[in-house]
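Chain by chain, the residues run as shown.
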Amino acid sequence: MFALRAVSKSYAGQSVLGPLSLDLPAARTTVLIGPSGCGKSTLLRLLLGLVGPDAGVVTFDGQPVTPATAQAVRLRVGYVVQDGGLFPHLTARGNVTLMARHLGRARDPINARVNELAELTRFPADGLDRHPHQLSGGQRQRVGLMRALMLDPDALLLDEPLGALDPLVRTELQSELRDIFRRLNKTVVLVTHDLGEATFFADWVVLLRDGRVIQEGSPRDLWHRPADPFVTRFVQAQRGPEVPT
Ligand code: ADP
Ligand code: MG
């Protein structure tokens, strides 16, 4: 669904990504993992056309993502940003429906879709008319997810969606999110720096370091067939309860 070919990106002359080639096929959950600063968020922004590559090409459904096509791509790709990114002055409902209203969609289908999404993400109906500061961290993440799913996108990109949550809420949301991914059967690209979380979600894991792909494969491959000493160190440093057999 997405492909990157020889993509590189620098900021102020400093290379942050690439050169990197990667395929993100449809209906697969791919997890991008790696240490802080390795370029995970930048990679998602390139997929969405929020930033452009200095060299190489990013494609979505075979079409290059360019300033001219990025808007159309963003209507077909849901994006859950790292810090939640909800508008504080809008209610949960207002945040979820913002784009649909902007596109001039009719009120009844919008309301029906919000109810459907609240059910899917197990968001309490009476929370829909609250503002973000009146919701718990977990509820805010559910709103972010509803917003990303509002237009029934083909793909869903999530940037450390559970990073700011306490462990109990996080574990609960992890299971629910995985169920939702399975049920919807969408193309998912999820960013995390936590290998246990990657193992839990991933059909395919891509491990980045300093803007390059160090290893990609199944979670099992990463655990049991580390490609180089960095992967071994990364796995050792994060060893948790999710060791696949
Ligand atoms: P990650 O999400 O893996 O933590 P990022 O993609 O956010 O990493 O950042 C990769 C590198 O690029 C970091 O060194 C970061 O400081 C730098 N960077 C990211 N965005 C910008 C920007 N808009 N301007 C300058 N540097 C940036
Ligand atoms: Mg990031």
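Check the entry above for the structure.
The model shown is predicted, which means the values in this text are computed figures rather than measured ones. (Residues numbered from 1 in each chain as written. Chains lettered and ligands numbered in written order. Predicted model: local features only at pLDDT ≥ 70, side-chain atom pairs only at ≥ 80, totals over all residues. Heavy atoms only, no water.)

A. Broad picture of the coordination of the magnesium ion (ligand 2). All of the protein donors around the magnesium ion (ligand 2) are Ser 41 (OG) and Gln 82 (OE1); their distances to the metal are 2.0 to 2.8 Å. Placement of Ser 41 in helix α1 (residues 40-48) and of Gln 82 in the loop between β6 (77-80) and α3 (92-102) is noted, with a sequence separation of 41 residues between them. Take Gln 82: its relative accessible area is 41%, and that puts it in the partly exposed class. (Donors = N, O, S within 2.8 Å, 3.2 Å for Na, K, Ca; no water. Helix = DSSP H or I, 4+ residues; strand = E, 2+ residues; numbered from the N terminus. Buried < 20%, exposed > 50% of the residue type's maximum accessible area, 1.4 Å probe, protein only.)

B. Here's a closer look at the pattern of salt bridges. Counting across every chain of the model gives 13 salt bridges. Note that Asp 54 and Lys 9 form a salt bridge whose closest N and O atoms lie 3.9 Å from each other. Within this pair, whereas Asp 54 is found in the loop between α1 and β4 (55-60), its partner Lys 9 is found in strand β1 (residues 2-11), the two being separated by 45 residues in sequence. With relative accessibility at 48%, the residue Asp 54 sits in the partly exposed group. For Lys 9, a relative accessible area of 10% puts it in the buried group. In this structure, the salt-bridge partner of Arg 170 is Glu 197, at a minimum N-O distance of 2.9 Å. Of this pair, Arg 170 sits in helix α6 (residues 167-184) while Glu 197 sits in helix α7 (residues 195-201), placing them 27 residues apart in sequence. (Salt bridge = Lys/Arg side-chain N within 4 Å of Asp/Glu carboxyl O.)

C. Main features of the layout of surface pockets. Computed from the structure, the largest pocket encloses a volume of approximately 550 Å³. Every residue lining the largest pocket is counted, 21 residues in all, and those nearest its centre are Arg 74, Val 77, Tyr 79, Met 99 and Arg 147. Of all the secondary structure elements, the ones that give two or more residues to the lining of the largest pocket are α2 (70-76), β6, α3 and α5 (137-149). For the lining of the largest pocket, the element with the most residues is α3, which contributes five residues. Considered class by class, the residues forming the lining of the largest pocket number 15 nonpolar, four polar and two charged. (1 Å grid on protein atoms, 1.4 Å probe; cavity = no way out; pocket = protein on both sides within 12 Å on 5 of 7 lines; lining within 4 Å. Points joined across faces, edges and corners; volume = space filled by probe spheres on them. Nonpolar A, V, L, I, M, F, W, Y, C, P; charged D, E, K, R; others polar.)

D. A look at the pairing of β4. Two strands pair when backbone bridges link them, and β1 and β4 are joined in this way by five bridges, in the antiparallel orientation. Of the residues in β4, the one forming a bridge with Ala 3 is Thr 59. Sheet analysis places β4 next to strand β5 (residues 63-64), joined by two bridges and oriented antiparallel. From the neighbouring strand, Phe 60 faces β5, where its bridge partner is Gln 63. (Pairing = 2+ DSSP bridges.)

E. Structural view of the sheet that holds strand β2 (residues 14-24). Ordered in space as β2-β1-β4-β5, the four strands form an open sheet in which the pairing is antiparallel. A single partner strand is all that each edge strand has here, and the edge strands are β2 and β5. Helix-sheet contacts for α1 involve β1, β2 and β4, and the interaxial angle to β1 is about 120°. (Contact = heavy atoms within 4.5 Å. Axes fitted to C-alpha atoms, helices over the stretch in contact; angles between N-to-C directions.)

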